[in-house]
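# Tertiary structure, described
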Amino acid sequence: MGYHDAFRELEDMSTRLNRLLTRQSSSSGTQDESMAVAQWAPSVDIVEMNSEFQIRAEVPGVEKQDVNVSVHDGVLLIAGHRQQGKEEQGHRYHRSECMYGSFARSFRLPDSIDEQKLTAEFKNGVLIIHLPKSERAKPRSIDIKIS
């Protein structure tokens, strides 16, 4: 299975998991309970380079301390919370299109990733997760002598 196929499968699994979480929580009670699982999901880009993949999640307005990144049984989970702005004296919202509350995205990592070397950085409202490829998965060039 190529890297492109592995990450397509990752996206499919993420979509199914998000649907499953929403369906389970909405069937168990009120709308507020279903929203507690994940009220929105950040958009992500998945980029492949020679030595690593990167997942770049857009989380504008989210503080670094309100984001959690973890790996469990080969699944990367990005979860957190964006606080809704407080209404101030003399201010009145006429439209509020920004999503607030809890968010979550999950991705099954391909076997070619070295899970022990994952790192993350937070820059200008973008969470960048570095997923280094294991040494055996990195592309190599081999010269073959013709006899």
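Structure shown above.
Each value, and the rule that gives it
- Residues numbered from 1 in each chain as written.
- Predicted model: local features only at pLDDT ≥ 70, side-chain atom pairs only at ≥ 80, totals over all residues.
- Heavy atoms only, no water.
- Phe/Tyr/Trp six-rings, centres within 6.5 Å; stacked < 30°, edge-to-face > 60°.
- Helix = DSSP H or I, 4+ residues; strand = E, 2+ residues; numbered from the N terminus.
- Buried < 20%, exposed > 50% of the residue type's maximum accessible area, 1.4 Å probe, protein only.
- Lys NZ or Arg CZ within 6 Å of the ring centre and 35° of its normal.
- Polar contact = N/O pair within 3.5 Å; in protein donor to acceptor, adjacent residues only side chain to side chain.
- Contact = heavy atoms within 4.5 Å.
- Pairing = 2+ DSSP bridges.
- Axes fitted to C-alpha atoms, helices over the stretch in contact; angles between N-to-C directions.
- Salt bridge = Lys/Arg side-chain N within 4 Å of Asp/Glu carboxyl O.

## As for the packing of aromatic side chains
- Enumeration over the complete set of coordinates arrives at one aromatic pair.
- Ring geometry for Trp40 and Phe103: centres 4.8 Å apart, planes at 50 degrees, overall tilted. Here Phe103 lies in strand β5 (residues 101–108) and Trp40 lies in the loop between α2 (31–37) and β1 (44–48), a separation of 63 residues in the sequence. With respect to burial, Trp40 and Phe103 carry one shared label: buried.
- Over the ring of Tyr100 we find Arg82, and its NZ or CZ is 5.9 Å from the ring centre.
- Its end group placed over the ring of Phe53, Lys133 keeps NZ or CZ at 5.3 Å from the ring centre.

## Things to note about the side chain of Gln54
- Assignment of secondary structure puts Gln54 in strand β2 (residues 52–58).
- Polar side-chain contacts of Gln54 include one of 3.4 Å to the side chain of His130.
- Leaving out residues up to four positions away in the same chain, Gln54 has contacts with Asp45, Ile46, Val47, Met49, Ile128, Ile129 and His130.

## Some points on the environment of Ile128
- Here Ile128 is to be found in strand β7 (residues 126–132).
- In contact with Ile128, other than residues within four places in its own chain, are Gln54, Ile55, Arg56, Thr119, Ala120 and Glu121.

## Observations concerning the sheet that holds strand β4 (residues 75–82)
- Here three strands make up an open sheet; going across it, the order is β3-β4-β5 and the pairing antiparallel. Either end of the sheet is taken by a strand with one partner, and the two such strands are β3 (67–72) and β5. Taken pair by pair, the neighbouring strands of this sheet meet at an average axis angle of 15 degrees, ignoring direction.
- Summarising the sheet, β4 and β5 pair through eight bridges and their orientation is antiparallel. Note that in β5 the partner of Val75 across the bridge is Arg108.

## A closer look at the pattern of salt bridges
- For the coordinates displayed, the defined rule picks out four salt bridges.
- When the shortest N-O distance is used, the salt bridge between Glu48 and Lys133 registers 2.8 Å. Here Glu48 is found in strand β1, whereas its partner Lys133 is found in the segment after β7, with 85 residues between them in sequence.
- Since its relative accessible area comes to 42%, Glu48 is described here as partly exposed.
- For Lys133, a relative accessible area of 4% translates into the label buried.
- When the shortest N-O distance is used, the salt bridge between Asp114 and Lys117 registers 3.8 Å.
- Classification of Asp114 by relative accessible area gives partly exposed; the value is 22%.

Honestly, that's just the spatial picture; any functional story needs more than this.
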